[in-house]
Every structure is written in structure tokens, then in C-alpha cells.
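Residues per chain, in single letters:
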Amino acid sequence: MISIDECKLLITNYYQSTKANISDNARDDTQALTRSTNFINSIKKIEQSVGLKFPKDYLSFIEAGGLRHFENEGFQIYLYDDKDIIEFNRGDSSYPNLQSYLLFGQDEGSYSYFFDTNNLLGKGKDAVYRIDRGLLSKEYFIFLSKDFISFFHKMIDNEDLSSEYIFKLIHTFTKNQSTYKQIKDKFNMDTIQEIDNFKSLFTKLDGYDLGYNMNDEDFTILDEIETRNRYSITFDYKVFLSEFRGGTYWSKKLLIDFYADDGLSDKNITDNEKNEDKHADFFIFASTDKQQELYFDPKNELGHGPNAVYITSLTSQDLSKGIFFADNLHILFQKLVND
């Protein structure tokens, strides 16, 4: 079990890794020590109230003054104090289908974090999971790490906790678990270089801002678009979205802004009352600073393949008369770099 002193060092490393200034650190320490002390002093009452026991490493972390807010470039978490633990696990703010799990924190968005203290999911009693509060069924539980300390190391290392949507998508291709593992392993190997290529291209642009932390509810919009429009969105785009969460990218001549959840829905779910059927054959995923739409042609209506990227002209928003722009998403970014 990790010691309290080792936990204090981890917290110090966090502030160093995030370059927080000394006054912020000191203020956080003062407030966190008070909250943490209250939590530890109330631990028996808390565990009796929720009917579950905390992992020992987590209690060591809290005893070290760890009851506070943490974040990096990819995600954030507010650890619950003694009152919030009871409220979100057994109070009016709790969720009936999460009663067997121990919620210990959340972010400012829709994610909650929990321990599987009964090992119902098979990854161990200390395992950390994340759940989108808009999607509470078990298939949307996302395994993050074997224990809280491993989870916190991800925070220090500035890792983001990207969605497992892609892996779940692969899982639907086959019901054979061993085949699923082979596909997932191959996917990991095949896409590492591609992801690195994207990252390399980003550094050559005039500038870029990665998107917000996509959650699983956002990705279900892609499923809805595919079902309604009866096509399949290019897999490369889904990998890109899962890894980089969209964002904005620009060169000297062009800025490209990738649509997020509401934008994707507004642009691609046909509203017959508005007579937008002409868009149903295409998938619009971004726009430019010149108000042009970027889109894929999943049904290959325009003849360059379903991975090809098209752009609307400056004079017309008719997607059927769009201009061929790139063979695929990766080449789109290459063109942006060379612009």
C-alpha cells in the first residue's frame, strides 16, 4: 500500500507538472487539508452510510491532503468531500443503477468517477471507472485504471481519457471475444503511426486548438446519423474524433473548425419539414472561416470514394456540386500544412 508521504509527493508532482504557481498551491493545500481531515475523521460514518468501503490507497491519498480539484489538458476531476460522497451515492442526487459502485468524484461536464468495490466488473476492487451521467447502463462504463494511484499518474503524465467508443464499435463487428481482442490489438498497432502522423502535422500548422473532451453520449450522435441516413461514416474520421475530439486548425490561408455534438446533429440529421433531404447522402463534419462546409461522401455519389473530402464552393452550399478537396482526412491536413 502506498504511504501518506508518497501521496504527498504525488500531489507535489502534480502541481509541478501543471506549472501551478506557488500561491495557488498554498491556497489549495490549506483548503484541501481541512476538507481531507474532515473526510478521514468521518470515514466510518461515510462507509456505514453508503455500505461500501474505500480502497486503502485512496484513503492514504486523502489523508495526505488530496481532497481537491485536479485537471490537466485532457480531463478534470473534483473529488467528493464527506457530504458529497453521501449525497451522490445514497442521497437525492444518487443513481439507482449505480448503487453497487462507489462514486468518488466528477468533472464540470457529464462524467462521474467510481470504484468497483465489489469487483462486479472483474477488474479488481480498486479499479477506477468513468461513466457519462446521461448514459448509465453498464455497456457505457469506461475502465480507466487498476487503482486510484495509477489513475492519478495519468493525470500527472497529462494523459487524456479518450472515449472507448471506437473499441466498442469494433466489438460490434464480432461476438467472438478472441477475435475482438485480435482486432483491437491490430487496431492499436495500425493506428499508432497514423495518430503520430496527425500530431506531427499539427505542429507544422500556424496554429490549432484540440477539441473538448468528447464523451460517449456525443459519439452516439454518429450512430444516429448513420442510422437515419443509411450510410457508414469513414472509420478514419471516428478514430480522429476519438483521439483529438475535433478542434480548430488553421494555416495562413484557411481555418477549419470541426463540428462537435450539436453541430454534427444540426448539419446531418435531416429535417423533412425544412426540405434538407439533399444533405442526407453526405456527412458534414467541419466548416471553414469562409463559411464553406467540409464533408464526406459515404455513398460515393460523387465518385472519389467514401473517404474523400469535399468542400462547398464560395457561391453555393449544394453538396452535390461540391469541390473534391482531398483523398482522405490525413491528406486534408497535409494540404493545410502546405497551404
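Numbers given to residues run from 1 along each chain, matching the order in which its sequence is written. Two thresholds apply to this predicted model, a pLDDT of at least 70 for residue-level local features and 80 or more for giving and counting side-chain atom pairs, whereas whole-chain, interface and lining totals are computed over all residues. In computing side-chain values, all of the structure's heavy atoms are included and hydrogens and water are not.

(A) Quick peek at the overall build of the protein. Along its length, the protein carries 12 helices and 13 strands. Working definition: with a 1.4 Å probe on protein chains only, accessible area under 20% of the residue-type maximum means buried, over 50% means exposed, and in between means partly exposed. Taken across its 339 residues, the protein has 47% of its residues classed as buried. Here a residue-residue contact requires only that any non-hydrogen atoms of the pair lie within 4.5 Å. Of the contacts made within the protein by residues no fewer than 6 positions apart, 54% connect residues no fewer than 24 positions apart. Working definition of accessibility: Shrake-Rupley area with a 1.4 Å probe, residue cover restricted to the visible protein chains. A total accessible area of about 17,000 Å² is found for the protein, and carbon and sulfur atoms account for 47% of it. For helices the rule is a DSSP run of H or I covering at least 4 residues; for strands it is a run of E covering at least 2, with both sets numbered from the N terminus onward.

(B) Representation of the pairing of strand S4 (residues 111-115). Of all 5 residues making up S4, 5 are buried, and the element is well covered by its neighbours. Side chains Tyr 111, Tyr 113 and Phe 115 of S4 all project onto a buried face; the interleaved residues Ser 112 and Phe 114 project onto the opposite face, where all are buried too. As paired elements, strand S3 (residues 102-106) and S4 share 4 bridges and run antiparallel to each other. For Leu 102, the partnering residue across the bridge sits in S4 and is Phe 115. Only strands joined by at least two bridges in the DSSP assignment are considered to pair. Following S3, the chain reverses through 4 residues before pairing antiparallel with S4. The sheet contact formed by S4 and strand S5 (residues 128-132) spans 5 bridges and is antiparallel. Each bridged residue has a counterpart across the sheet, and for Tyr 111 the counterpart in S5 is Asp 132.

(C) Fine view of the nonpolar core. Phe 39, Phe 54, Tyr 58, Phe 61, Leu 79, Phe 104 and Phe 148 are the most contacted members of the largest nonpolar core, which has 48 residues in total. If sequence neighbours within four positions are ignored, Phe 148 has contacts with Tyr 58, Phe 61, Leu 79, Phe 104, Phe 115, Asp 126 and Val 128. Residues belong to one nonpolar core when they are buried, are Ala, Val, Leu, Ile, Met, Phe, Trp, Tyr or Cys, and are joined through side-chain atoms within 4.5 Å.

(D) Fine view of the sheet that holds strand S7 (residues 207-210). Here 7 strands make up an open sheet; going across it, the order is S7-S8-S9-S10-S11-S12-S13 and the pairing antiparallel. Of all strands in the sheet, those with a lone pairing partner are S7 and strand S13 (323-326), marking the two edges. Within the sheet, the average angular offset between the axes of one strand and its neighbour, ignoring direction, is 25°. Strand direction decides the pairing type here: strand S9 (residues 255-258) and strand S10 (residues 283-288), joined by 3 bridges, are antiparallel. When the bridges of S10 are listed, Asp 257 appears paired with Ser 287. Axis lines are fitted to C-alpha atoms, over the contacting stretch for helices. Their N-to-C directions set the angle, which ranges from 0 to 180 degrees. Set on the sheet, helix H11 (residues 261-268) makes contact with S10 and strand S11 (293-296); between it and S10 the angle comes to about 115°.

(E) Here's a closer look at the environment of Gly 246. Take Gly 246: it is sitting in the loop between helix H10 (235-244) and strand S8 (247-250). Here the alpha-carbon distance between Gly 246 and Gly 211, two residues 35 residues apart in the chain, equals 4.7 Å. Once residues within four sequence positions are removed from consideration, Gly 246 is found in contact with Leu 210, Gly 211, Phe 240, Leu 241 and Phe 258.

(F) Representation of the pattern of salt bridges within the structure. Salt bridges, as used here, are contacts in which a Lys or Arg side-chain nitrogen is within 4 Å of a carboxyl oxygen on Asp or Glu. Across all of its chains, the model carries 6 salt bridges by this definition. For Glu 293, the salt bridge identified is with Lys 267, shortest N-O distance 2.6 Å. In this pair, Glu 293 is assigned in strand S11 and Lys 267 in helix H11, connecting sequence segments 26 residues apart. Judged by relative accessible area, which is 30%, Lys 267 ranks as partly exposed.

(G) The arrangement of the packing of aromatic side chains in detail. When the centres of two rings from Phe, Tyr and Trp lie within 6.5 Å, Trp using its six-membered ring, the rings pair. Their planes under 30 degrees apart give stacked, over 60 give edge-to-face, and anything left gives tilted. Applying the stated criterion to the full structure yields 42 aromatic pairs. Geometrically, the ring pair formed by Tyr 101 and Phe 114 is tilted, given 5.0 Å between the ring centres and 50° between the ring planes. Residue Tyr 101 is located in the loop between helix H5 (82-90) and S3, and its partner Phe 114 is located in strand S4; the two are separated by 13 residues in the primary sequence. Judged on exposure class, the residue Tyr 101 and its partner Phe 114 are both buried. For the ring pair Tyr 295 and Tyr 310, a centre distance of 5.8 Å and an interplane angle of 20° mean the geometry is stacked. Placement of Tyr 295 in strand S11 and of Tyr 310 in strand S12 (residues 309-311) is noted, with a sequence separation of 15 residues between them. With relative accessibility at 0%, the residue Tyr 295 sits in the buried group.

(H) Here's a closer look at the packing of helix H4 (residues 56-63) against helix H6 (residues 148-156). Contact pair H4 / H6: the axes reach a minimum separation of 8 Å and the direction vectors enclose 55°. Here H4 lies oblique to H6, going by the angle between them. Facing H4, whose interface residues are Asp 57, Tyr 58 and Phe 61, H6 presents Phe 148, Ile 149 and Phe 152. Grouping the amino acids of the contact of H4 with H6 by side-chain chemistry returns 5 nonpolar, no polar and 1 charged. These descriptions rest on fixed angle ranges, namely under 35 degrees for roughly parallel, over 145 for roughly antiparallel, 65 to 115 for roughly perpendicular, and the rest for oblique. In this classification, the charged set is Asp, Glu, Lys and Arg, the nonpolar set is Ala, Val, Leu, Ile, Met, Phe, Trp, Tyr, Cys and Pro, and all remaining amino acids, among them Gly, are polar.

(I) Structural view of unusual backbone geometry. Residues other than glycine seldom take positive phi values, yet Asn 119 does so here, at roughly 55°. Mapped onto the elements, Asn 119 comes out in the loop between S4 and S5. Phi is positive for Gln 291, close to 65°, though the residue is something other than glycine. Of note, Gln 291 is situated in the loop between S10 and S11.

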